[in-house]
Amino acid sequence: MPDLTDQLRRFDTATVANAIEPFGIRDQVDGYASLELRCLFPRRPPMVGYAVTCTADTTRPANKRPKRLTDLVDLIAAAPKPCVLVIQYEGEDRLRSCFVGDMFMAWLQRLGAAGAVTDGGVRDTAGMETRAPDVQLFAAGSVASHGSGSFLDFDVTTAICGLTIEPGDLLHGDANGLISVPAAVAPDLPGRCEMILREEAEFFEFLKSSEFSATSLRRRLADHDDLMMAPPAGEG
């Protein structure tokens with residue numbers, strides 16, 4: 001049987017987000033990052049993996065702090081796979097920060113990571129197209145210089161563009177954005193996602209059919225909402 005992360009990778013992030021809602025495990029306005037966080041490779045498959053968290057800064061003038069990059073390498077190497085590196089900026093000038101380049105993403109890929117997430121900047125995305133083709137990257141944007149970098153704390157609670165991420169959290173992200181997946185319902189999500197896709201396919205067929213009218217559309221939309229939010233079997 002495929003690993004859970006492999007099963008979830010079959011579905012886009014918006015569908016997985018929809019599948020979580022009926023379980024009532026969190027408010028519908030929680031669990032996802034804001035549109036400030038950009039998916040830099042939207043044509044790549046969904047990124048699914050377990051969070052390895054840290055804080056970092058590249059913007060302090062005359063920085064004398066240790067880089068601690070080798071500590072990060074050890075942490076990634078030891079982490080359950082697939083993992084996702086999460087880097088929260090901690091400093092005074094986030095829009096000039098830069099944590100990831102093509103060399104960084106290439107070794108991250110070789111160590112078995114699924115991707116990286118940061119509320120700061122990155123660079124060398126053209127190089128990543130060929131040197132790190134199997135990993136995803138979420139960031140606030142790009143800058144030209146790497147600044148003067150130091151990794152500060154590891155295995156800490158992070159906040160990335162409105163999404164709180166704990167060490168070990170299961171993350172799912174694609175061109176739609178990034179979400180966290182509650183562990184308690186994760187095994188039930190592939191089946192729920194399949195149901196959602198079947199219902200959506202039927203809805204689009206209805207839109208093309210001779211049955212379509214404003215009256216039937218209102219009825220269909222009400223039925224769709226009821227179905228999507230119905231508690232899963234055994235939960236209601």
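Bear in mind that the values here come from a model prediction, so they are computed numbers and not experimental data. (Residues numbered from 1 in each chain as written. Predicted model: local features only at pLDDT ≥ 70, side-chain atom pairs only at ≥ 80, totals over all residues. Heavy atoms only, no water.)

### Things to note about the overall build of the protein chain
For step 1, the next point in the chain: The number of helices and strands found in the protein chain is 7 helices and 12 strands.
For step 2, the next point in the chain: The 236 residues of the protein chain split such that 46% are buried.
For step 3, the next point in the chain: Restricting the contact set of the protein chain to residue pairs at least 6 apart, pairs at least 24 apart contribute 77%.
For step 4, the next point in the chain: Surface accessibility of the protein chain: about 12100 Å² in total, with carbon and sulfur atoms responsible for 53%.
For step 5, the next point in the chain: Looking at the protein chain, you have 23 positive and 34 negative side-chain charges, and the mean spots of the two groups are 7 Å apart. (Helix = DSSP H or I, 4+ residues; strand = E, 2+ residues; numbered from the N terminus. Buried < 20%, exposed > 50% of the residue type's maximum accessible area, 1.4 Å probe, protein only. Contact = heavy atoms within 4.5 Å. Areas by Shrake-Rupley, 256 points an atom, 1.4 Å probe, with all protein chains shown as cover. Lys, Arg positive; Asp, Glu negative; His and termini not counted. Charge placed at Lys NZ, Arg CZ, Asp CG, Glu CD.)

### Concerning the packing of aromatic side chains
For step 1, the next point in the chain: Applying the stated criterion to the full structure yields 6 aromatic pairs.
For step 2, the next point in the chain: With a centroid separation of 4.8 Å and an interplanar angle of 45°, the aromatic rings of Phe-104 and Trp-107 are classed as tilted. You can see Phe-104 and its partner Trp-107 sitting in helix α4 (residues 102-110), 3 residues apart, about one turn around the helix.
For step 3, the next point in the chain: Under the relative-accessibility criterion, Phe-104 is labelled buried at 9%.
For step 4, the next point in the chain: Its relative accessible area of 22% is what places Trp-107 among the partly exposed residues.
For step 5, the next point in the chain: Between Phe-203 and Phe-206, the ring centres sit 6.1 Å apart and the planes meet at 45°, which makes this aromatic pair tilted. Separated by 3 residues within a single helix, Phe-203 and Phe-206 lie in helix α6 (residues 189-208), roughly one turn from each other.
For step 6, the next point in the chain: Cluster of aromatic residues (ring-pair linked, three or more members): Phe-203, Phe-204, Phe-206 and Phe-212.
For step 7, the next point in the chain: One Lys or Arg, Arg-44, reaches over the ring of Phe-41 and ends 3.8 Å from the middle of that ring. (Phe/Tyr/Trp six-rings, centres within 6.5 Å; stacked < 30°, edge-to-face > 60°. Lys NZ or Arg CZ within 6 Å of the ring centre and 35° of its normal.)

### Remarks on the layout of surface pockets
For step 1, the next point in the chain: Reported here for the largest pocket is a volume of approximately 480 Å³.
For step 2, the next point in the chain: Those elements that provide at least two residues to the lining of the largest pocket are α4 and β8 (150-154).
For step 3, the next point in the chain: Ranked by residues supplied to the lining of the largest pocket, first place goes to α4 with 4 residues.
For step 4, the next point in the chain: When its residues are assigned to classes, the lining of the largest pocket shows 8 nonpolar, 7 polar and 5 charged.
For step 5, the next point in the chain: The computed volume of the second largest pocket comes to approximately 360 Å³.
For step 6, the next point in the chain: Taken together, 25 residues form the lining of the second largest pocket, with Ala-17, Gly-31, Tyr-32, Leu-178 and Ile-179 sitting closest to its centre.
For step 7, the next point in the chain: Residue assignment for the lining of the second largest pocket shows that the elements contributing at least two residues are α2 (13-20), β1 (38-39) and β12 (177-181).
For step 8, the next point in the chain: Looking at the lining of the second largest pocket element by element, the count peaks at 5 residues for α2.
For step 9, the next point in the chain: Counted by class, the lining of the second largest pocket contains 12 nonpolar, 8 polar and 5 charged residues. (1 Å grid on protein atoms, 1.4 Å probe; cavity = no way out; pocket = protein on both sides within 12 Å on 5 of 7 lines; lining within 4 Å. Points joined across faces, edges and corners; volume = space filled by probe spheres on them. Nonpolar A, V, L, I, M, F, W, Y, C, P; charged D, E, K, R; others polar.)

### A few points about a nonpolar patch on the surface
For step 1, the next point in the chain: There is a patch of nonpolar side chains on the surface, built from Phe-204, Leu-207 and Phe-212 and spanning about 280 Å² of accessible area.
For step 2, the next point in the chain: On the secondary structure map, Phe-204 appears in helix α6. (Patch = residues over 30% accessible without salt bridge, like charges linked within 9 Å, V, L, I, M, F, W, Y side chains within 5 Å. Salt bridge = Lys/Arg side-chain N within 4 Å of Asp/Glu carboxyl O.)

### A short note on the packing of α2 against α6
For step 1, the next point in the chain: With their axes 9 Å apart at the nearest point, α2 and α6 run at an angle of 110° to one another. Considering the angle they form, α2 stands roughly perpendicular to α6. Contacts from Thr-15, Val-16, Asn-18, Ala-19 and Ile-20 in α2 reach Leu-189, Arg-192, Cys-193, Ile-196, Leu-197 and Glu-200 in α6.
For step 2, the next point in the chain: When the residues that make up the contact of α2 with α6 are grouped by side-chain class, the tally is 7 nonpolar, 2 polar and 2 charged. (Axes fitted to C-alpha atoms, helices over the stretch in contact; angles between N-to-C directions. Parallel < 35°, antiparallel > 145°, perpendicular 65-115°, else oblique.)

### A look at the side chain of Asp-119
For step 1, the next point in the chain: Tracing the sequence through the fold places Asp-119 in the loop between β4 (113-118) and β5 (121-122).
For step 2, the next point in the chain: Summary of buried charges: Asp-119 has no salt-bridge partner, and the nearest side chain of opposite charge, Arg-94, is 4.8 Å away.
For step 3, the next point in the chain: Within the local environment of Asp-119, its side chain forms a polar contact with the backbone nitrogen of Tyr-89, the two atoms lying 2.8 Å apart.
For step 4, the next point in the chain: Sequence-distant contacts of Asp-119, that is, excluding residues within four places in its chain, are made with Ile-87, Gln-88, Tyr-89, Arg-94, Ala-140, Ala-159, Ile-160 and Cys-161. (Polar contact = N/O pair within 3.5 Å; in protein donor to acceptor, adjacent residues only side chain to side chain.)

### What about α6?
For step 1, the next point in the chain: Compared with an ideal rise of 1.5 Å per residue, which puts 20 residues at 28 Å, α6 spans 29 Å between its outermost C-alpha atoms and is within 8% of the ideal.
For step 2, the next point in the chain: Of the positions making up α6, those classed as buried are Leu-189, Pro-190, Arg-192, Cys-193, Met-195, Ile-196, Glu-199, Phe-203 and Phe-206. (Expected span 1.5 Å × (residues − 1).)

### Quick look at the packing of helix α3 (residues 69-78) against α4
For step 1, the next point in the chain: Between α3 and α4, the shortest axis-to-axis distance is 10 Å and the interhelical angle comes to 30°. By the angle between their axes, α3 is roughly parallel relative to α4. Crossing of α3 against α4: the hand is right-handed. Only Phe-104, Trp-107 and Leu-108 of α4 make contact with α3, whose side of the interface consists of Leu-69, Leu-72, Val-73 and Ile-76.
For step 2, the next point in the chain: Residue classes in the contact of α3 with α4 are distributed as 7 nonpolar, no polar and no charged. (Left-handed = near helix turned anticlockwise from the far one by under 90°.)

Don't take any of this as a statement about function, it's just geometry.
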